[in-house]
Amino acid sequence: MGDEYPSLFRSEQMSLVQLYIPTEVAHDTVAELGEHGNVQFKDLNPTVNPFQRSFVGEIRRFEDMARRVRFFDSQIEKEKDVVPIRPLYDSAPLVTVGPSAAHNIDELDVTLAEHETRLSQMNESYKLLSERTKELIEARYVLRETAGFFEKAETQQTDIRTSFDDSSAPLLQHDDRENQFSSTVQFDLEFIAGTIDRVRIPTFERVLWRVLRGNLYMNHTDIAEPFVDPATGSETRKNVFIIFAHGDALLAKIRKVAESMGATLYPIDANADKRSDSLREVTARLEDLQTILYNTGANRRLELATIGENLARWQDVVRKEKVIYETMNLFNFDVRRKTLVAEGWCPTRDIAKIQVALGHATEESGTGVVPILHELRTNKTPPTFNRTNKFTEGFQSIMDNYGIATYQEVNPGLFAIITFPFLFAVMFGDIGHGLIILFVALYMIMNERKWAKSDLGGITTLFFFGRYIILMMGLFSVYTGLMYNDIFSKSLHIWQSGWAFPEGNGTVRGVSTGHVYTFGLDPAWHGADNALIFTNSYKMKMAIILGVIHMTFALCLQLLNHIKFKRPLDVYANFIPQMIFLQSIFGYLVICILYKWIIDWSEASTAPPSLLNMLIAMFLSPGSVDPKSQLYPGQGFVQAVLLLLAVVCVPWMLCMKPYFLWKEMQKIQGQGYVGLDHHGPRESSDEVLEIEEEGNGRVIVEEMEEEHEQHDFGEVVIHQVIHTIEFCLGCISHTASYLRLWALSLAHAQLSEVLWSMTLEGALGMEGIFGVIIIIFTGVMWFTMTVGALCLIEGLSAFLHALRLHWVEANSKHYEGGGYAFTPLSFAKLDERE
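Throughout what follows, the structure given in this document is the object of discussion.

Reading the values: rules and limits
- Residues numbered from 1 in each chain as written.
- Predicted model: local features only at pLDDT ≥ 70, side-chain atom pairs only at ≥ 80, totals over all residues.
- Heavy atoms only, no water.
- Helix = DSSP H or I, 4+ residues; strand = E, 2+ residues; numbered from the N terminus.
- Buried < 20%, exposed > 50% of the residue type's maximum accessible area, 1.4 Å probe, protein only.
- Expected span 1.5 Å × (residues − 1).
- Bend = angle between axes of the 7 residues up to and from the residue.
- Polar contact = N/O pair within 3.5 Å; in protein donor to acceptor, adjacent residues only side chain to side chain.
- Pairing = 2+ DSSP bridges.
- Axes fitted to C-alpha atoms, helices over the stretch in contact; angles between N-to-C directions.
- Contact = heavy atoms within 4.5 Å.
- Disulfide = S-S within 2.5 Å.
- Patch = residues over 30% accessible without salt bridge, like charges linked within 9 Å, V, L, I, M, F, W, Y side chains within 5 Å.
- Areas by Shrake-Rupley, 256 points an atom, 1.4 Å probe, with all protein chains shown as cover.
- Salt bridge = Lys/Arg side-chain N within 4 Å of Asp/Glu carboxyl O.
- 1 Å grid on protein atoms, 1.4 Å probe; cavity = no way out; pocket = protein on both sides within 12 Å on 5 of 7 lines; lining within 4 Å.
- Points joined across faces, edges and corners; volume = space filled by probe spheres on them.
- Nonpolar A, V, L, I, M, F, W, Y, C, P; charged D, E, K, R; others polar.
- Phe/Tyr/Trp six-rings, centres within 6.5 Å; stacked < 30°, edge-to-face > 60°.
- Lys NZ or Arg CZ within 6 Å of the ring centre and 35° of its normal.
- Parallel < 35°, antiparallel > 145°, perpendicular 65-115°, else oblique.
- Left-handed = near helix turned anticlockwise from the far one by under 90°.
- Core = buried A, V, L, I, M, F, W, Y, C linked by side-chain atoms within 4.5 Å.
- Arc of directions from axis to C-beta.

## Points about the overall build of the chain
So, point 1. Within the chain, the secondary structure is distributed over 24 helices and 13 strands.
So, point 2. A burial count over the chain gives 41% of its 834 residues as buried.

## A word on helix α10 (residues 412-428)
So, point 1. If you check α10, its first and last C-alpha atoms are 23 Å apart, about what 17 residues at 1.5 Å a residue would give, namely 24 Å.
So, point 2. Where α10 bends most, at Ile418, the angle is about 40 degrees, and the proline Pro421 comes one to four residues later.
So, point 3. With respect to burial, α10 is a largely interior element, 14 of its 17 residues being buried.
So, point 4. With a side-chain oxygen positioned 3.1 Å from the backbone nitrogen of Gly413, the residue opening α10 is Asn411.

## Some details on the sheet that holds strand β7 (residues 238-245)
The strands that make up a sheet are held in pairs by hydrogen bonds between backbone atoms, and each pair lies either parallel or antiparallel.
So, point 1. The sheet built from four strands is open, its strands ordered β4-β7-β3-β8 with antiparallel pairing. With partners counted over all chains shown, the strands left at the sheet margins are β4 (217-222) and β8 (264-266), one partner each. Averaged over all neighbouring strand pairs, the angle between strand axes comes to 25 degrees, with direction disregarded.
So, point 2. For β4 and β7, the ladder comprises six bridges, and the chain directions are antiparallel. Across the sheet, residue His220 finds its bridge partner in β7, namely Phe241.
So, point 3. In this fold helix α5 (residues 201-212) packs onto β3 (190-197), β4 and β7, with an angle of close to 175 degrees to the strand it touches most, β4.

## Examining unusual backbone geometry
So, point 1. Of note, Gln408 is a non-glycine position whose phi angle comes to about 70 degrees, a positive value.
So, point 2. Secondary-structure assignment places Gln408 in the loop between α9 (393-402) and α10.
So, point 3. The class for Gln408 is buried, based on a relative accessible area of 9%.
So, point 4. Here Asn485, not a glycine, exhibits a phi torsion of approximately 55 degrees, which is positive.

## Topic: the state of the cysteines
So, point 1. Going through the model one piece at a time under the given rule, you end up with zero disulfides.
So, point 2. There is no disulfide at Cys731, and the cysteine sulfur nearest it, in Cys728, is 6.7 Å away.

## A word on a nonpolar patch on the surface
So, point 1. The grouping of Phe439, Leu442, Tyr443 and Met446 at the surface amounts to a nonpolar patch, some 460 Å² of accessible area in total.
So, point 2. When you line up the elements, Phe439 lands in helix α11 (residues 431-446).
So, point 3. On the accessibility criterion, Phe439 (53% relative accessible area) is exposed.

## So, empty space enclosed by the protein
So, point 1. Within this structure, the stated rule accounts for three cavities of 30 Å³ or more.
So, point 2. Here the largest cavity defines a volume of roughly 80 Å³.
So, point 3. If you go around the largest cavity, you meet 13 residues; those closest to its centre are Pro412, Phe415, His550, His806 and Ala810.
So, point 4. Of all elements in the fold, only α10, α15 (531-564) and α23 (768-810) reach the threshold of two or more residues within the lining of the largest cavity.
So, point 5. Its residues placed into classes, the lining of the largest cavity shows eight nonpolar, five polar and no charged.
So, point 6. If you add up the space inside the second largest cavity, you get close to 50 Å³.

## Thoughts on the packing of aromatic side chains
So, point 1. As enumerated under the stated definition, the model contains 32 aromatic pairs in all.
So, point 2. Centroid distance Tyr402 to Tyr815: 5.8 Å. Interplanar angle 35 degrees. Geometry classified as tilted. Taken together, the residues Tyr402 in helix α9 and Tyr815 in the loop between α23 and α24 (830-833) connect sequence positions 413 residues apart.
So, point 3. Judged by its relative accessible area of 36%, Tyr402 is partly exposed.
So, point 4. Its relative accessible area of 10% is what places Tyr815 among the buried residues.
So, point 5. An aromatic cluster of three or more residues is present, and its members are Trp499, Trp525, Phe534, Tyr538 and Trp597.
So, point 6. It is Arg140 that lies over the ring of Tyr141; its NZ or CZ is 6.0 Å from the centre.

## Some words on the side chain of Ser737
So, point 1. Assignment of secondary structure puts Ser737 in helix α20 (residues 713-737).
So, point 2. Other than its neighbours up to four places away in sequence, Ser737 contacts Arg804, Leu805 and Glu809.

## Examining the pairing of strand β1 (residues 14-22)
So, point 1. When you tally the buried positions in β1, you get nine out of nine residues, the bulk of the element.
So, point 2. Here β1 shows a buried face lined by Met14, Leu16, Gln18, Tyr20 and Pro22 and a second buried face lined by Ser15, Val17, Leu19 and Ile21.
So, point 3. Note that β1 and strand β10 (residues 339-347) share nine bridges and pair antiparallel. Counted as the bridge partner of Gln18 is Glu343 from β10.
So, point 4. Across five bridges, the pairing between β1 and strand β11 (residues 372-376) is antiparallel. Each bridged residue has a counterpart across the sheet, and for Gln18 the counterpart in β11 is His374.

## Considerations on the pattern of salt bridges
So, point 1. Within the structure shown, the criterion is met by 30 salt bridges.
So, point 2. Taking the shortest distance from any N to any O, the salt bridge between Lys322 and Glu63 comes out at 3.9 Å. With Lys322 in helix α7 (residues 272-328) and Glu63 in helix α2 (residues 56-78), this residue pair connects regions lying 259 residues apart in the sequence.
So, point 3. Judged by its relative accessible area of 37%, Glu63 falls in the partly exposed class.

## Digging into the packing of α10 against helix α14 (residues 467-484)
So, point 1. Where α10 meets α14, the closest approach of the two axes is 8 Å, and the angle between their N-to-C directions is 50 degrees. When the axes of α10 and α14 are compared, the pair comes out oblique. Crossing angle aside, the handedness with which α10 passes α14 is right-handed. Here α10 contributes Ile417, Ile418, Phe420, Pro421, Phe422, Phe424, Ala425, Val426 and Phe428 to the contact with α14, which in turn contributes Ile469, Met472, Met473, Phe476, Ser477, Tyr479, Thr480 and Tyr484.

## What to know about the nonpolar core
So, point 1. Ranked by internal contacts, the top residues of the largest apolar core, which has 70 residues, are Phe420, Phe581 and Leu741.
So, point 2. Per-element accounting of this core gives the leading share, 11 residues, to helix α16 (residues 568-598).
So, point 3. Those residues in contact with Phe581, other than ones at most four positions away along the chain, are Ala646, Cys649, Val650, Phe727, Cys728 and Cys731.

## Structural notes on α5
Residues separated by three or four positions in an α-helix point in the same direction, a consequence of the helix having 3.6 residues per turn.
So, point 1. For α5, with 12 residues, the first-to-last C-alpha span of 16 Å sits near the 16 Å given by 1.5 Å per residue.
So, point 2. Residues of α5 that are buried include every one of Ile201, Phe204, Leu208 and Leu212, and no others. End-on, the buried residues of α5 take up no more than an arc of 60 degrees, which puts them together on one face. What points out from α5, more than 90 degrees from its buried face, is the exposed set Trp209 and Arg210.
So, point 3. Each element contacted by the buried residues of α5 is listed here: β3, β4, β7 and α6 (248-260).
So, point 4. Looking at the residues trailing α5, positive phi occurs at Arg213, about 55 degrees.

Rendered as structure tokens:
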């Protein structure tokens, strides 16, 4: 592919550039390059401690600002009522470049500090007021329950005294004595009242009983209203208790036990009038405190609403500024020139855009000093960058998750746009199911602008990211469904069938009408007794054909890599013998399958042979074929020649490359070019010499250390042995692995048929109101299980199997995957970075 028209066929050409950036425009330059997102900077200070770099102070400042912004965000999330946050696209931008940038950043720092101070003070005040309110509420409950207990006790005492009176005595016989007793009696028992966590009441009772040996009387009641912690929001339920005991020692023990178990004690007077006064005072103070608490909460919410109006743009500015200074710490400071020197990778065709961006940054900063860009010559391996759009991004990410392609090797992500959904559809072929996932994909595509701005979360985000993959899978599933003539386990009679069934009882044999069904499987096969036998054989052979075609195509991509990287030895020692080996066995099997399909065996003199037995006999008895199972004349000779070619290819792959590398090594050593480093002779082609002699002001960098690994001859031999064994065994196992196309397609069709027969099929013949209800119920059940089981679960299964066929069976034939990803400075990907 030409450099002027880059595509997904290969990764883009990359260039190592060097930037001389004056210190006064460094910030604005990095900010401008971050907006474009096309430069990956290198660390020019690998030996410098991160805490000793030039812009540590600025980074710490923005980390502190980021902490404040995170604090605001957490406070908004903890708020019970939703606090609206203005989205970034609807917020006024904060200017952080140009002459006013420093002033704006200082103002932002002061604003964040002021908001943090006010919000922290409000939080403290709200927490303090909440705790005080909680104490007053508990005190009010204690006063009420204590008063109620004494009132109840007095009532019970009067009832008991009345029950012990002598009913036969005159009414006024003991009146004087009762009055004297009531006026002189003293209440000797003292009491302690308070609140305690409800779950601790049983333990509290047992401990007091054992400590005081039963010398107490305790009563407790539940507080219906839960207490909410303002800091954590957790609810706590408490009980009011009152304990009667005699003596200061016992009371002291009770207080210690209560305090150790987290109880809160309140001083309650034994006098009823004083208790009433205390209750009125507590109630009045509580009302005043609740008013203050409400006003504090309203002011706090108003403060959070003000913060929510600007939170998104504050987050954006702080993240960008922190990344800018982290990037500037990667630069080298030239003291003599008072400039920052930066190096980084960028796409070659974006150099002109980068130069325009540098000029724009200079204009924004208000200075006349322009950064200088130089393109460097290097032997370092560039990063791999495949420029994608919203359609190709999902397919490319499938291949990138397997491994990043080596720089400039053929990118299988381009071909996965077609092969991936097609292999999925072979296993998922159904017109109805394909339309369901197609409509789901179209719905996500129609709402992609709205959904892209929202946080979908969970698996919905994954489905939305792969919406175009789902779209292609739906389209191809409809296509293969037409091929299988299958829609929700039923067939379509679009064209005239090629079979007719005469009337009769029992088993009826189909009669050919002389027509050929125009497209797809003839609907006459649906419902036939031997339909499963036919589709089973058809899909199994189709899986083998598709698998060999897919592996052959992947192997051909290896040739393009060898040509691109100028490796003729790999073409002769790897590609050619591998292709011959694959085609002499499995390519021959595909030809036999196709040949067997085009023969009319009803008119042949022999029965159709078993291709599996034929392939086994090809290895066990080469050159000899039973005439009764012969597929074509001269079959034995052809199979013997093909088997001989396959056998010859094994030592060809095993020995040719190590032998030629050994010969080349001997030749180099004979010329005396090998030094201590064993790097071989120095390349001195005309192109290299021309590069070295350039004197037009471009900086030429000749890296001495070589990134590519150097292997000795023993490692080459071991690698080739492993590679040969892996390929030969892989051809067999990988071909068998493509039978999953047959297995999953058959399973999908049978599950769809079983689901239909167990739900709607039995209900469609019912009539009347009851029949309508049954049809609606079974219809809902059928649709739910179709979407949930067949489309979602079976779809995910087919997706994973298609993924495996690309990663293992196809990529193992050509994909090197030894590169590293291009990760430029990009403000658009700050969320992914975090």
